[in-house]
There are 2 protein chains.
Amino acid sequence: MTELPELIAVGVGPGDPELITLKGLRAIQSADVIFTPLSREGDASIALQIATPWIDQERQRLVSLPLPMTRDAGQLRPAWQAAAATIQQELTGRQRGVYLLLGDPLLYGTFSYLWRELHTAANITVKIIPGITSFAAAAAAGGVPLTMADERFVVLPASYETDMLTLQRLLNDFNTVVLMKAGTALPTIVTALQQLNLLDNALYAERVGLEGEFITRDLRTLDLQHRPYLSLVIVRRGGWL
Amino acid sequence: MTELPELIAVGVGPGDPELITLKGLRAIQSADVIFTPLSREGDASIALQIATPWIDQERQRLVSLPLPMTRDAGQLRPAWQAAAATIQQELTGRQRGVYLLLGDPLLYGTFSYLWRELHTAANITVKIIPGITSFAAAAAAGGVPLTMADERFVVLPASYETDMLTLQRLLNDFNTVVLMKAGTALPTIVTALQQLNLLDNALYAERVGLEGEFITRDLRTLDLQHRPYLSLVIVRRGGWL
């Protein structure tokens, strides 16, 4: 056999098991090995849960990869190298593995870090199957448009930049601002929105499509403490419909 | 029957028929009426083509809605009002319609304009099923990450802002810039990228997942004229993997 083993990164979508793509579920069904990242954030087990109806545990092998938290991802290269080595080892003599992630593999996913190591070290063909992002699902569930035809929007991880000046500048330049992983940054975000008089132009969403989904446009009475990691805020300068 | 008729906007994804979600195809299968926007841009027929395997034309009724071009969308309110009236009329006495769009309904889709009219005038419950965006599919097909964990990215319609200063400012502030609908703006975009010395940090993609898909990282030799409307450019300041 001259063909290289193949790893397909499958974005299983934001949480609702029905938001997986046909392409994603078919890749899962035809895989020999199913890799799932195990992180402290709990994303991994959710991705596996979404994929479970398409997995045949008699025939397919499940392999968990212990991986660093996304926030430290760039700094923890040895962990990624070890994961890449495990994948290469597991796929030896096998044709195809899938790597499961929540959302889209190339947007704030763990996959880009792993991919870099596979790219460098391993004889594996890598393919990507895109997934529904949490912000698209939150906008759909919350009933708010993200962009009209002539608008521009920006997406950023909330934990990195949530001060008032940054938010103000972004909201001057963009019609829609999406703050990902808003959980711990929520008090800062809400203070900034208050000062900018934009509290009524924001939507908060957590665990979209999962047990405990919670979506609100009322950030005034929202308890800002102890919100989960899987959460985001969408701010639209021009308001909603 | 006291329940309102229901319209579900279904994002069928960027072009590859397998990138439709399970939720989307099930909504199509259980609809009484299938609405497709007909625009000069040809998006509509592609969305319908993707949905066709899930439509039973014996049982389900197909209705085309003549709609304005996206670029003029905000100005042509009477056309949206007429479409909303048609939908309300078609759904009278029926339980459920779906409205098909390429990509995601809330990102540069025609749906937000229609939704505004339905919201104002019609007794219809509106739901949204998100779809895979063209930029996620282009990144996946082209093999380029969109964002690592601590990065931010911006998405804008290329036809509106493609001058060098705008691009330069965006690329100073954001790791990744996605220019949607790049077709006619491509010569300006490439000139700006040349001046910023970023030509090697760009990917051009057209008709992703469709017949005639074309993706290249070589913008130096790309023929910039007559590129189609369904096209985009992804620029990453830090380069690729």
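Residues numbered from 1 in each chain as written. Chains lettered and ligands numbered in written order. Predicted model: local features only at pLDDT ≥ 70, side-chain atom pairs only at ≥ 80, totals over all residues.

**Q** Quick question: what am I supposed to make of the domain arrangement of chain A here?
**A** Many analyses report the size of an interface as the accessible area lost when the parts associate. Residue and element names in this part refer to chain A. Domain assignment breaks chain A into domain 1 (6-129) and domain 2 (134-236). Each side of the interface is counted separately: domain 1 has 9 residues, and domain 2 has 10 residues. Of the residues assigned to the side of domain 1 that touches domain 2, the class counts are 4 nonpolar, 2 polar and 3 charged. (Domains from an automatic or database assignment. Contact = placed C-beta atoms within 7 Å. Nonpolar A, V, L, I, M, F, W, Y, C, P; charged D, E, K, R; others polar.)

**Q** Before we go on, may I ask you to explain the pairing of strand S10 (residues 231-236) of chain A in this structure?
**A** Successive residues of a regular strand alternate their side chains across the two faces of the sheet. All names here are of chain A. When you tally the buried positions in S10, you get 6 out of 6 residues, the bulk of the element. Side chains of S10 alternate between two faces, with Ser 231, Val 233 and Val 235 and Leu 232, Ile 234 and Arg 236 buried alike. Sheet topology note: the strand S7 (residues 176-180)/S10 ladder contains 4 bridges and is antiparallel. In the strand pairing of S10, Val 177 is matched with Val 235. (Buried ≥ 20, exposed ≤ 12 C-beta atoms within 10 Å, placed from the backbone. Helix = DSSP H or I, 4+ residues; strand = E, 2+ residues; numbered from the N terminus. Pairing = 2+ DSSP bridges.)

**Q** Even after reading the chapter, I still don't get the sheet that holds strand S8 (residues 202-206) of chain A, so can you show me in this structure?
**A** Hydrogen bonds between backbone atoms are what pair the strands of a sheet, whose relative direction is either parallel or antiparallel. Ordered by their spatial adjacency, 10 strands build an open sheet running S9(A)-S8(A)-S10(A)-S7(A)-S6(A)-S6(B)-S7(B)-S10(B)-S8(B)-S9(B), and the pairing between neighbours is mixed. One side of each edge strand has no neighbouring strand; the edge strands of this open sheet are strand S9 (214-216) of chain A together with strand S9 (214-216) of chain B. The mean inter-strand angle of the sheet, taken between neighbouring strand axes irrespective of direction, is 10°. By the bridge criterion, 5 bridges tie strand S6 (residues 153-157) of chain A to S7(A) in an arrangement that is parallel. Its bridge partner being in S7(A), A:Phe153 is matched across the sheet by A:Thr176. Seen against the sheet, helix H5 (residues 134-142) of chain A touches S6, S7, S8, S9 and S10 of chain A and runs at an angle of roughly 65° to S10(A). (Axes fitted to C-alpha atoms, helices over the stretch in contact; angles between N-to-C directions.)

**Q** Which parts of the structure should I look at to understand unusual backbone geometry?
**A** Among all residues save glycine, negative phi is the norm, and among peptide bonds the norm is trans. Phi is positive for A:His226, close to 60°, though the residue is something other than glycine. Residue position: A:His226 is located in the loop between S9 and S10.

**Q** Please clarify how the relation of the copies chain B and chain A should be interpreted in this entry.
**A** Each of the two chain copies goes to the other by way of a rotation about an axis and a shift along it. When chain B is brought onto chain A, the operation consists of a screw motion whose angular component is 180° and whose axial shift is 0.0 Å, with 0.0 Å RMSD remaining. On the angle and the small slide along the axis, the relation comes out as a two-fold axis. Here 100% of the contact residues of chain B are again contact residues in chain A; the copies associate through an equivalent surface. (Least-squares fit on C-alpha atoms with pLDDT ≥ 70 in both.)

**Q** What's the story with the interface of chain B and chain A in this structure? I'm lost.
**A** In this complex, chain B contributes 42 residues to the contact, which on the side of chain A involves 42 residues. Mapped by element, the contributors of at least two residues to the side of chain B that touches chain A are helix H1 (22-29), helix H4 (111-121), strand S5 (125-129), helix H5 (134-142) and strand S6 (153-157) of chain B. Considered class by class, the residues forming the side of chain B that touches chain A number 27 nonpolar, 6 polar and 9 charged. The sheet contact formed by S6(A) and S6(B) spans 3 bridges and is antiparallel. In the sheet register, A:Val155 faces S6(B), and the bridge partner there is B:Phe153.

**Q** Would you mind showing me how to read H5(B) here?
**A** Since one α-helical turn is 3.6 residues long, residues separated by three or four positions face the same way. In terms of burial, H5(B) is largely enclosed, as 7 of its 9 residues are buried. Every buried residue of H5(B) is listed here: B:Ser134, B:Phe135, B:Ala136, B:Ala137, B:Ala138, B:Ala139 and B:Ala140. Looking at the buried residues of H5(B), the elements they touch are strand S5 (125-129) of chain A together with S6, strand S7 (176-180), strand S8 (202-206), S9 and strand S10 (231-236) of chain B. A positive phi of about 75° marks B:Gly143, the residue just after H5(B).

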